[in-house]
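Below, each chain spelled out in residue letters.
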Amino acid sequence: MTVTQSELMDFNLRHHVAPVVPKLMAITGLINACGWFVSLSLGNPHLGRLAVEHMLGGLTMVLLGVICHRTASAGRATSTTVVSILFVLVTSSFLCLTAANNHTGLLQSLPYCMVLTAVSGFFWLTRWGLVVGSFAGMIPPFFLVVTGNSLLTLTPHFFAIYVQLWMCAVVVSFALYAFMNRVRRRYVLTLRELEEQARRDSLTGLLNRRHFADGVAALRVASPARTPAMEGMLLYIDIDHFKMVNDRFGHAEGDRVLQRTARALEAACEPSDLIARLGGEEFAVFRPDGSTAESACAAIAERLRMVLSHPDHGRGWQTITVSVGGTSLAVGERLDDALQRADHALFRAKHDGRDRVVFAPPVSQAPEPFPDVERTSPLVNVTSIPQVAAV
């Protein structure tokens, strides 16, 4: 199981960037917008100009945070990356302007810009964003050097130190980006495994009842009915004399029978069919084609019987038999109603001697309300599977 780069980006965008990064941007902007209070308390002689810079820079950061939240929530990765780059550039420029006004130059701005460049590796969505953002964080300090506001003499030795410090910040940013991607990739894989475990029956590996219903609903939406009235075929399957297997051979052998039946169902059905264990020894199959429901029901049951009828040598029992109730799912009909109708057909199959298939006509052909199986009902015995050695 692998995670593609687009899936990783989408997860990072919706679960990491959208709920966290815009808040950090807004908080940073609010702190900077109120920074002139600090200057006032310290008696800064450049209070007027500095207050304006604080206010404009802080409000710009808050605005970028709002835009980042909207773009990230909408799933627009490119727009979010551009906004993040602008945030790094604005923040770095603001730090350099403040340092220039305080006459501290690179002594104040360079450490902050290096930290900003390094920690930004946590929230970059793409590699190109990481590269451009790393350059954006260190461009403003370079302008301090060019304009002569660095308070340091521009010598080859100093320039080499500056490049080395900038490279260190970039390396840390790349390392954080790689580390966070690795953590997120493992997290996505863990979520997938947990979701798959929640969807599947732990013993047989088939869908459970809840996700069977979700899968049927999804197929009814995605696959239009091939007939005007029918959306699919539904089978309700029960293992004959399963309690006897548990009582005579133990629950471990009963589990083995369930697993063997599940594998036989997978072999008998088409890849597009939905197969689920509804509970106990009961299984269900849905095929999103109701045009030939009766013949398909009989065909699946016959293939299932052929697979299960092979003797299991070395066991106290020889074969497994099943009873099957089938019906068609009408357009707009509730799944629970169709399952109930198939369950009635299954009851009739067991009542008539087990090891057979009984098909219940669709709701459009059945009287309302659906009659009890003990009374005369329109259940049709599609095929009576030849009796084999019962469990």
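To keep things clear, this report deals only with the structure shown in the data block. A quick note: this is a predicted structure, and the numbers were derived from the prediction, not measured.

1. Describing the overall build of the chain
Here's step 1: Counting its secondary structure elements, the chain contains 12 helices and six strands.
Here's step 2: Counting over 391 residues, the chain shows a buried share of 47%.
Here's step 3: Of the roughly 19,500 Å² that the chain leaves accessible, carbon and sulfur atoms contribute 63%.

2. Side note on the pairing of strand 5 (residues 357–360)
Here's step 1: Neither face of strand 5 is left uncovered, since the one carrying V357 and F359 and the one carrying V358 and A360 both have all their residues buried.
Here's step 2: Sheet analysis places strand 4 (residues 322–330) next to strand 5, joined by four bridges and oriented parallel. Counterpart to T327 in the pairing with strand 5 is A360.
Here's step 3: Viewed along the sheet, the connection from strand 4 through helix 12 (residues 335–351) into strand 5 turns out left-handed.

3. Observations regarding the packing of helix 9 (residues 242–249) against helix 10 (residues 251–268)
Here's step 1: Contact geometry for helix 9 and helix 10: axes closest at 7 Å, N-to-C directions at 145°. Across the interface between the two elements, F242, V245, N246 and F249 from helix 9 touch H251, E253, G254, V257 and L258 from helix 10.
Here's step 2: Grouping the amino acids of the contact of helix 9 with helix 10 by side-chain chemistry returns five nonpolar, three polar and one charged.

4. What to know about helix 12
Here's step 1: Taking 1.5 Å of rise per residue, the 17 residues of helix 12 would be expected to cover 24 Å, and the 24 Å separating its terminal C-alpha atoms lies within 8% of that figure.
Here's step 2: Every buried residue belonging to helix 12 is among L335, A338, L339, R341, A342, H344, A345, L346, R348 and A349, and all of these are buried.
Here's step 3: Of the residues flanking the end of helix 12, it is G353, one or two places downstream, whose phi is positive at about 125°.

5. With respect to the layout of surface pockets
Here's step 1: There is about 430 Å³ of room inside the largest pocket.
Here's step 2: Around the largest pocket, the lining is made up of 16 residues, and of these T28, F87, L116, V119 and F123 lie nearest the centre.
Here's step 3: For the lining of the largest pocket, the secondary structure elements donating two or more residues are helix 1 (5–33), helix 4 (77–101) and helix 5 (106–119).
Here's step 4: With seven residues, the top contributor of residues to the lining of the largest pocket is helix 1.

6. Some words on a nonpolar patch on the surface
Here's step 1: On the surface, V82, L86, L89, W128, V131, V132, F135, I139, F143 and F174 cluster together into a nonpolar patch covering about 830 Å² of accessible area.
Here's step 2: Elements with a minimum of two residues in the nonpolar patch: helix 4 and helix 6 (127–147).
Here's step 3: Per element, the largest residue contribution to the nonpolar patch is six residues, and it comes from helix 6.
Here's step 4: When you line up the elements, F143 lands in helix 6.

7. What to know about empty space enclosed by the protein
If a probe the size of a water molecule is rolled over the atoms, the empty space left behind becomes visible.
Here's step 1: Inspection of the entire model under this criterion finds one cavity of 30 Å³ or more.
Here's step 2: Quantified by volume, the largest cavity comes out at close to 30 Å³.
Here's step 3: Counting residues per element, the lining of the largest cavity draws most heavily on helix 4, which supplies three residues.
Here's step 4: Of the residues contributing to the lining of the largest cavity, the split by class is four nonpolar, three polar and no charged.

8. Examining the environment of D273
Here's step 1: Secondary-structure assignment places D273 in the loop between helix 10 and strand 2 (274–279).
Here's step 2: Given a relative accessible area of 7%, D273 falls into the buried group.
Here's step 3: Distance from D273 to V285, taken between C-alpha atoms, is 6.7 Å for residues 12 residues apart in sequence.
Here's step 4: Not counting the four nearest positions on each side in its chain, D273 is found in contact with V285, F286, R287, P288 and I300.
Here's step 5: In terms of polar contacts, D273 uses its side chain to reach the side chain of R287, at 2.8 Å.

9. As for unusual backbone geometry
Here's step 1: In this structure, H241 is a non-glycine residue whose phi angle is positive, near 55°.
Here's step 2: Structurally, the position occupied by H241 is in the loop between strand 1 (230–239) and helix 9.
Here's step 3: In the Ramachandran plot, D355 falls in the positive-phi region, its phi being about 55° despite a non-glycine side chain.
Here's step 4: With respect to the helices and strands, D355 occurs in the loop between helix 12 and strand 5.
Here's step 5: Judged by relative accessible area, which is 2%, D355 ranks as buried.

10. Quick look at the side chain of R356
Here's step 1: Residue position: R356 is located in the loop between helix 12 and strand 5.
Here's step 2: Buried charged residue R356 carries no salt bridge. Nearest counter-charge: D352, at 5.7 Å.

11. Looking at the environment of P288
Here's step 1: You can see P288 is positioned in the loop between strand 3 (282–287) and helix 11 (293–308).
Here's step 2: On a C-alpha basis, the gap between P288 and E231 in space is 6.1 Å, while along the polypeptide they are 57 residues apart.

12. Let's talk about the side chain of T261
Here's step 1: Along the chain, T261 falls in helix 10.
Here's step 2: Residue classification places T261 among the buried positions, given a relative accessible area of 0%.
Here's step 3: When neighbours within four sequence positions are excluded, T261 is seen to be in contact with I239, F283, L304, L308 and I320.

13. Let's talk about the pattern of salt bridges
Here's step 1: Across all of its chains, the model carries 12 salt bridges by this definition.
Here's step 2: Put simply, D247 and K243 hold a salt bridge, and the shortest N to O gap is 2.8 Å. With D247 and K243 both in helix 9, this residue pair falls four residues apart, about one helical turn.
Here's step 3: Classification of K243 by relative accessible area gives exposed; the value is 60%.
Here's step 4: One network of salt bridges, in which partners are shared, links D238, D240 and K350.

Calculation rules
The written sequence of each chain sets the order in which its residues are numbered from 1. Side-chain atom pairs in this predicted model are given and counted only at pLDDT of 80 or more, local residue features only at pLDDT of at least 70, and totals for whole chains, interfaces and linings cover all residues. The basis for the side-chain values is all heavy atoms of the structure; hydrogens and waters are excluded. By definition, any uninterrupted DSSP run of H or I lasting at least four residues is a helix, any uninterrupted run of E lasting at least two residues is a strand, and each is numbered from the N terminus. Using a 1.4 Å probe on the protein chains alone, a residue whose accessible area is under 20% of its type maximum counts as buried, one over 50% counts as exposed, and one in between counts as partly exposed. Using a 1.4 Å probe, the Shrake-Rupley method yields the accessible areas, and only the shown protein chains count as cover for residues. The criterion for strand pairing is that DSSP finds at least two bridges linking the strands in question. Clockwise travel from the first strand over the helix to the second, with the strands pointing away from the viewer, marks a crossover as right-handed. Axes here refer to lines fitted to C-alpha atoms; in helices the fit is confined to the stretch in contact. Angles between the N-to-C directions go from 0 to 180 degrees. In this analysis, two residues are considered to be in contact whenever any of their non-hydrogen atoms come within 4.5 Å of each other. Following the grouping adopted for this structure description, the nonpolar residues are Ala, Val, Leu, Ile, Met, Phe, Trp, Tyr, Cys and Pro, the charged ones are Asp, Glu, Lys and Arg, and the polar ones are all others, Gly among them. The span you would expect from a helix comes to 1.5 Å times its residue count less one. In this analysis a 1.4 Å probe is tested at points of a 1 Å grid over the protein atoms alone, and where it fits but cannot get out there is a cavity; an open set with protein on both sides within 12 Å along at least five of seven lines is a pocket; lining residues have an atom within 4 Å of a point. Grid points are joined across faces, edges and corners, and a volume is the space filled by probe spheres set on the points. To count toward a patch, a residue needs a relative accessible area above 30% and no salt bridge. Like charges then connect within 9 Å, nonpolar side chains (Val, Leu, Ile, Met, Phe, Trp, Tyr) within 5 Å. What makes a salt bridge here is a side-chain nitrogen of Lys or Arg within 4 Å of a carboxyl oxygen of Asp or Glu, nothing more. Think of a polar contact as two N or O atoms within 3.5 Å of one another; within protein, one of them needs to be a possible hydrogen donor and the other a possible acceptor, and neighboring residues in sequence only count if both atoms come from side chains. Asp and Glu are treated as the negative residues and Lys and Arg as the positive ones, with His and the ends of the chain left uncounted.

Keep in mind these numbers describe shape, not what the thing actually does.
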